[in-house]
Structures are given as structure tokens and as C-alpha cells.
Amino acid sequence: MRGRIMRFVCLPLFFIVTLTGCWDADAIELLDYVKTFGVDYVDDQYVVYVQLPNMSTVAKKESPGPETPAKAWIASGKGRSVNEAIGQIYRSAPKKIVWGHSTVLILSERLMQRPDLASILEDLNRFRELRYTMWIYGSSASIPELLSVSPTFEASRLYTILQNPMDNYKMNSIVQPLKLHDFMNDYHDKARWAIIPALTMESEIWKAGGKTHAMQAFAGAYAFHQEQYSGFFPDAQIKGMRWLDRHTVTSTLRLVEDGKTTAVLKLKKPRYKVVTKPQGERVTFDVEVNMDATLVELHVPVTSQQIMERAQKLVAEEIRSTYLAGLKSNTDLLLLSQHLYRKEPKLYNKLTNDGKTLVLTPDSLGQVKVNLDLEYLGKYKFVK
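Residues numbered from 1 in each chain as written. Predicted model: local features only at pLDDT ≥ 70, side-chain atom pairs only at ≥ 80, totals over all residues. Heavy atoms only, no water.

Undergrad: Where do I start with the nonpolar core in this structure?
TA: Where a protein is soluble and globular, its nonpolar side chains tend to be buried together. In this structure, Trp-243, Leu-244, Leu-265, Leu-267, Val-315, Ile-319 and Leu-336 are the most contacted members of the largest nonpolar core, which totals 39 residues. Looking at this core, the elements with two or more residues in it are β12 (250-257), β13 (260-279), β14 (282-298), α8 (304-327), α10 (345-352) and β15 (365-376). With eight residues, α8 is the largest single contributor of residues to this core. Non-local contacts of Leu-265, meaning those with residues more than four positions away in its chain, are made with Ser-251, Thr-252, Leu-253, Leu-255, Ala-293, Thr-294, Leu-295, Val-296, Ile-307, Met-308, Ala-311 and Leu-374. Membership of the second largest hydrophobic core comes to 36 residues, among which are Phe-37, Val-82, Trp-99 and Leu-105. (Core = buried A, V, L, I, M, F, W, Y, C linked by side-chain atoms within 4.5 Å. Buried < 20%, exposed > 50% of the residue type's maximum accessible area, 1.4 Å probe, protein only. Helix = DSSP H or I, 4+ residues; strand = E, 2+ residues; numbered from the N terminus. Contact = heavy atoms within 4.5 Å.)

Undergrad: Even after reading the chapter, I still don't get the pattern of salt bridges, so can you show me in this structure?
TA: If charged atoms from side chains of opposite charge come close, those side chains can pair. Applying the stated rule across the entire model yields twelve salt bridges. Of the charged contacts, one joins Asp-40 and Arg-110 as a salt bridge, the two residues approaching to 2.6 Å between their closest N and O atoms. Of this pair, Asp-40 sits in strand β2 (residues 36-42) while Arg-110 sits in helix α3 (residues 109-112), and the two are 70 residues apart along the sequence. Across the pair Glu-318 and Arg-242 runs a salt bridge, and its minimum N-O distance is 3.1 Å. (Salt bridge = Lys/Arg side-chain N within 4 Å of Asp/Glu carboxyl O.)

Undergrad: What's the story with the side chain of Ser-364 in this structure? I'm lost.
TA: Along the chain, Ser-364 falls in the loop between α10 and β15. On the basis of relative accessible area, Ser-364 is assigned to the buried category, the value being 2%. Engagement of the side chain of Ser-364 in a polar contact is seen with the backbone nitrogen of Thr-361, the distance being 2.8 Å. (Polar contact = N/O pair within 3.5 Å; in protein donor to acceptor, adjacent residues only side chain to side chain.)

Undergrad: Can you walk me through helix α7 (residues 180-188) in this structure?
TA: Along an α-helix, residues three or four positions apart point the same way, because every turn accommodates 3.6 residues. Of all the positions in α7, only Leu-180, Phe-183, Met-184, Asp-186 and Tyr-187 are classed as buried. Relative to the axis of α7, the buried residues are bounded by an arc of 165° and lie together on one face. Along its buried surface, α7 packs onto β6 (104-108), α4 (117-126), β7 (135-139), β8 (178-179), β9 (193-208) and β10 (211-225). (Arc of directions from axis to C-beta.)

Undergrad: Before we go on, may I ask you to explain the sheet that holds β15 in this structure?
TA: In a beta sheet, neighbouring strands pair by backbone hydrogen bonds and run either parallel or antiparallel. Read from one edge to the other, the open sheet built from four strands follows the order β12-β13-β14-β15, with strand pairing classed as mixed. Whereas interior strands pair on both sides, the edge strands pair on one side only; in this sheet they are β12 and β15. Neighbour-to-neighbour, the strand axes of this sheet turn through a mean angle of 35°, independent of strand direction. Two strands pair when backbone bridges link them, and β14 and β15 are joined in this way by nine bridges, in the parallel orientation. Bridge pairing links Asp-292 to Asp-373 in β15. Strands β12, β13, β14 and β15 of the sheet are contacted by α8, whose axis makes an angle of about 140° with β15. (Pairing = 2+ DSSP bridges. Axes fitted to C-alpha atoms, helices over the stretch in contact; angles between N-to-C directions.)

Undergrad: I would appreciate a short explanation of the pairing of strand β11 (residues 228-233) in the present structure.
TA: Along any regular strand the residues' side chains alternate between the sheet's two faces. Pairing geometry for β10 and β11, over five bridges, is antiparallel. Directly across from Phe-224, in β11, lies its bridge partner Tyr-229. The turn joining β10 and β11, which pair antiparallel and follow one another in sequence, is formed by two residues; a positive phi near 50° is taken by Gln-226.

Structure representation (C-alpha cells):
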């Protein structure tokens, strides 16, 4: 009996003692974690920027106290390759740099225009520490300035537009934020255009202590097709994209007459249908969009029917305008070509030479029908 008890006691102790555990793991305070990094190309050299957050500002504060600015630590390296540039950063790194927590990748406009962009992205994806779920952006602004922006109330830099684009997108849906793996799928697809948000610096809107405070902001989109750069498109040219994107949460539509705003609506949850109509060597696309609408502002006494007619007309105009803006750069901003590819891939391959040429012409966009359901007029009933 006594021997049996000893076995029950000694056996668990044996396994506990022989467990390997994580004895060789590095302590958190001995590591530097890369959260955001950007790649540029300047003077025939690749330039890599990494942002290292202060992890002590990330933890939740248990007691109130004065906020202190979250200092930005940014390292940069240059080289004939991206790996060589990263190696230059390693030469002066005081701690081990960990890449497994990276959540943002920024590509400069100069880099995106290079013919070897595909190989650069391939090298980055081959690096086993990097995640495929990083947010990806393009920018013509200074990458160090983008990384130096501090959020409101001196919070951690983990709470900026870079790290949390969906909070901004839910308030004002223009260009859908994209993860790296989704971008790569579109980047290599012969029937799709990969479209990523463009970032810029906005220094006139926010203030703190009576002084202006620069913030990150979205300013359009960059497009790619079959691993080739298609161009930059500012917000004014891509307004129609949001109405043909099922991910759109809500977006503002402003009705203007004679230079004055007559009404403002919030449109949300677009539901659209694209009908392809092959006609010999050409194809036309009919588009129908259905959305819910909420009246936010009303400055002239008009009926609800008049508001809906004007809004529907404006949405259709924005869709056509975006379509034509894309054609000027041989870009399918509305992603109409993919509908032909899904329904008739053989015809698509024939008309586009396996995706190498654009099947669209100025007349390819046929009927654009928009249906809005005005579900809320606001607290004041000025319309019928």
C-alpha cells in the first residue's frame, strides 16, 4: 500500500522535473517588436523603415494619471536589396528584433512603380517571421513622417489609422482596407485589379494645445494588374467604387445645386448585380445597385421623392465617372472584367489575350440603375 502511494506521488514529480518548458525563451524586455515597416527606393537603393512601439504604453492603465507622449522609435537601413537594408539595421540594434508581430506594410510610390516589385514582394513573403495578415498601404508621403504620427490623447501608436483602418472605414467607406494575403491573390490574378488604400499626411484638421497636429489620412488608391503598376487615383476619381463594393459600411453622399449643398445622405450596405452581355468581339455590362439611405441634412424644402431621384442620379454619375477615370489608365476600377471571367472564362481569355489587354471601352458600361430606400428622414419631418 505504501509503495503504491509512493508511485502516485513520484510519477507526477518525475514528469514535472523532466519537462523542457520554455527555458530558452527570451524575456519580453529583452526584445524589440516591429509593428510597422515600410519600404522605399531612393538613389538606386532600397530603404527599409521599421517602427518599434514602446510596449509599456500598450498595457491598460489601472490608475488615472497624466498622459505622456508615446515616443516613436524608428530605425532605417539602406542597401542594394531589402535584406541588405534590414541587415544594416541589425548592425546597431541593441536588442533582438522580432518580426512576427508586424501588422502593417507601407510601400512607397517610387517602389510600386519599379518593374521588380513582384520579386520584392516575393522576398518579403518568403521571410518566415512575417505574417500574411498585415495591412498593406501605398504612399507618396514620407514614410518616417507617417510612422512618427502620434494618435489622439498621446495613446500608444497601436491606435492609429495604420493599425486600425477598419474603425475609420466603418465611418467613411471609400477604399476597403486590404490584408497582404488578399492583395497577393489579386496581384497575381489575371482577371482582377489589386487595389490598396493610399496614405497621406493631414496637418490642418487636428489641434492640440492650440497647435496643429499631423495625422495619417486616406487619400485615394493605387491599382495593379498582373503584377504591373496601373497608377494612383485620388478620392475624387474613385467615388463610384464604394457603390460596387459589398464591404462598404456607410458613406456620405452630398447633393449640390448651384454650388450649394441642398441635402446630405448616408448610404449603406450596397447590394449590386452586374449583367454581362457578350456581342461578338465586345462586351457590355449593365449594373444595378440597391442601397439603404438616411437623410442627415436638408437645406431646401423638397419632397422625399425629389431627394431620391437626385441621389440616384448622382450615384449613377459617380459610377460612370469612376469607370471612365480608370479607362484613361487602362484600369478596371469597378472590377467589371472579373464578372465576364467568372461567367465565360474562355471568352474572357480570347478577348483579353489571357488578361493582358483590357476588354473594356468607353461604351462597355451599359445601363446603370440605382435604387435607394430612404429608411430614415431624421427627427424633423421636412419632406413627404
